[in-house]
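These are the residues of each chain, in order.
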Amino acid sequence: MSDDRPVTFKDVFAVSEYRAVWFALVASWIGDYLARAAVVVLVFRQTESISLSAAAFAVSYLPWLLFGTVLSALAERHAYRGVMVFCDLARMAVVALLVVPGVPWPMVLAVMFLVTLGGVPIQAARSALMPLMLDRGRLAVAMAANATSVQAAQVAGYLTGATLAAAANPQLAIAIVAVLFGTSALLVRAYVLPRPPAVPAEQRTHLLRETAAGFRLVFGSRVLRSIALMVFAMAAFAIVPEGLAAGWAAHSGHDSVTRGIDQGLIMAAGPVGFVIGGLAVGRLVSQETRHRLIRPFAVLAPLALVPALAAPPVPVVVLLTMLSGVAQGGLMPTLNTHFVLTLPHGYRARAFGVMQQGLQVFQGGAVLVTGVLAERWSVPLVVGVWSVAGVLSMLLLAGRWPRVRTPEPVPGEAVLLPAAEPSARAENPPPGAVTEPTPGRHRFREAAGRMDG
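Predicted model, so just to flag it, every value in this text is computed and none were measured.

Caption draft 1: Quick look at empty space enclosed by the protein. Under the counting rule described, the total for this entry stands at one cavity of 30 Å³ or more. In this structure, the largest cavity spans a volume of roughly 30 Å³. Residue lining of the largest cavity: Ser28, Trp29, Asp32, Arg91, Gly119, Ile122, Gln123 and Arg126, and that is the complete set. For the lining of the largest cavity, the elements supplying multiple residues, two or more each, are α2 (16–47) and α6 (105–133). Tallying contributions element by element places α6 first for the lining of the largest cavity, with four residues.

Caption draft 2: Structural detail: the pattern of salt bridges. Taken as a whole and assessed by the stated rule, the structure comprises three salt bridges. Where glutamate 17 meets arginine 195, a salt bridge forms, and the shortest distance between an N and an O atom there is 2.8 Å. You can see glutamate 17 sitting in helix α2 and its partner arginine 195 sitting in the loop between α8 (170–191) and α9 (207–220), a full 178 residues away along the chain. Accessibility expressed as a relative area gives 21% for arginine 195, which makes it partly exposed.

Caption draft 3: A look at helix α5 (residues 80–95). End to end, α5 covers 23 Å across 16 residues, agreeing with the expected 22 Å (1.5 Å per residue, within 8%). When α5 is considered as a whole, its buried residues turn out to be Tyr80, Arg81, Val83, Met84, Val85, Cys87, Asp88, Arg91 and Val95. Here the buried face of α5 lies against α2, α4 (62–75), α6 and α8.

Caption draft 4: Examining the environment of phenylalanine 23 more closely. Within the fold, phenylalanine 23 resides in helix α2. With 161 residues separating them along the chain, phenylalanine 23 and serine 184 place their C-alpha atoms 7.4 Å apart.

Caption draft 5: Just the packing of α5 against α8, in detail. Packing of α5 against α8 leaves a shortest axis separation of 8 Å and a crossing angle of 160°. On the basis of the axis angle, α5 is roughly antiparallel to α8. Pair α5 / α8 crosses with left-handed handedness. Contacts between α5 and α8 involve Arg81, Met84, Val85, Asp88, Leu89, Arg91, Met92 and Val95 on the former and, on the latter, Ile174, Val177, Ala178, Phe181, Gly182, Ser184, Ala185, Val188 and Arg189.

Caption draft 6: Spatial organisation of the side chain of glutamine 328. Inspection of the secondary structure assignment puts glutamine 328 in helix α16 (residues 314–342). The contact partners of glutamine 328, leaving out residues within four places of it in the chain, are Met234, Ala238, Phe274, Ala301 and Pro333.

Calculation criteria
- Residues numbered from 1 in each chain as written.
- Predicted model: local features only at pLDDT ≥ 70, side-chain atom pairs only at ≥ 80, totals over all residues.
- Heavy atoms only, no water.
- 1 Å grid on protein atoms, 1.4 Å probe; cavity = no way out; pocket = protein on both sides within 12 Å on 5 of 7 lines; lining within 4 Å.
- Points joined across faces, edges and corners; volume = space filled by probe spheres on them.
- Helix = DSSP H or I, 4+ residues; strand = E, 2+ residues; numbered from the N terminus.
- Salt bridge = Lys/Arg side-chain N within 4 Å of Asp/Glu carboxyl O.
- Buried < 20%, exposed > 50% of the residue type's maximum accessible area, 1.4 Å probe, protein only.
- Expected span 1.5 Å × (residues − 1).
- Contact = heavy atoms within 4.5 Å.
- Axes fitted to C-alpha atoms, helices over the stretch in contact; angles between N-to-C directions.
- Parallel < 35°, antiparallel > 145°, perpendicular 65-115°, else oblique.
- Left-handed = near helix turned anticlockwise from the far one by under 90°.

Treat this as a map of the structure, not an account of what it does.
The following block contains the structure:
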């Protein structure tokens, strides 16, 4: 591949191993979101409770709260291919239990918990596997392809799951989920090359100590901490329309088929907007402009949902949620680029686990809290007031945002150069560039110290 031209999606998908991982990712994520939508409908049908249907959605975040970072660190101790195959097969077997009609709702919640639990090490292993398959230039484009594909998979999963479960047969939707998980495992097993574990037995310490190192890295650096807090806050305020979609659709008073379609549209609107924002900003906006858009996009994400206070009809709700998704799609790739290039090498899976755990905690907590509030007040009022709080939070975080930009990686460690340093601007590597890990805890301490320097 020539070095004097930009890397294209065609270049990335020319790597057969990545193609298999990408198809497996799409199948696995469609299954995840289809299962969430179907489970919400199952619980709402049995209980007719908005708070319990919100709990059915939020329980999928609980595994990250309890075991996210530990399982991410554990994934580094085993072959990534084996981790992905084993966990997807286990998820296929567990979710198949819901194909039997009449499963009580507490068991439905338990199955949803186990399905999401198995997805934790899959995501960590896949994230750490990417730099082993692709060079720096291809890796940056592959990360963008994965992010966009996950959002598209979310749209397909929500629309299909809500429509099938509400208008047809929830068990049919669950059966499709099982097939998708099995397909993902088969693709990885057949086409991904076997590799040794990233952390061999002789280099291991206590698992909890390795897990804690990921937390110290993310929250010990001012730059990484600022990125993490903005991502967490945005997620907490942007997820609410999805979590309350079943109750919001029921608020319209339509028949069950129309409510199922309304629910699917509300749940899919955010991901659709994310894809639009990500593609538009990524293709049309320069790197310097993307950095300047961090603050306005951060505020726009919750601000777009404030008009929910007026209790608009479902089509307007879909548009507002989509606009919020556009802001998220325009913001997240920039934050992800800063985050990845600031990390010292050798901590990818653990840092991924820390961020994912935080996302699940904030999103799940937001859905649970707003679900309880929606039992007493109307869904539009709850979403509107919650979004006003989001705007105030984002204004505070944007005002404290550090002046950072994409650095040039340094062998063995990565540092973030000051924004006023012009010399590195012309030599910036592609977003997401990483190299192989450098073992040894002393490298972590040196890199963590320099990131705040």
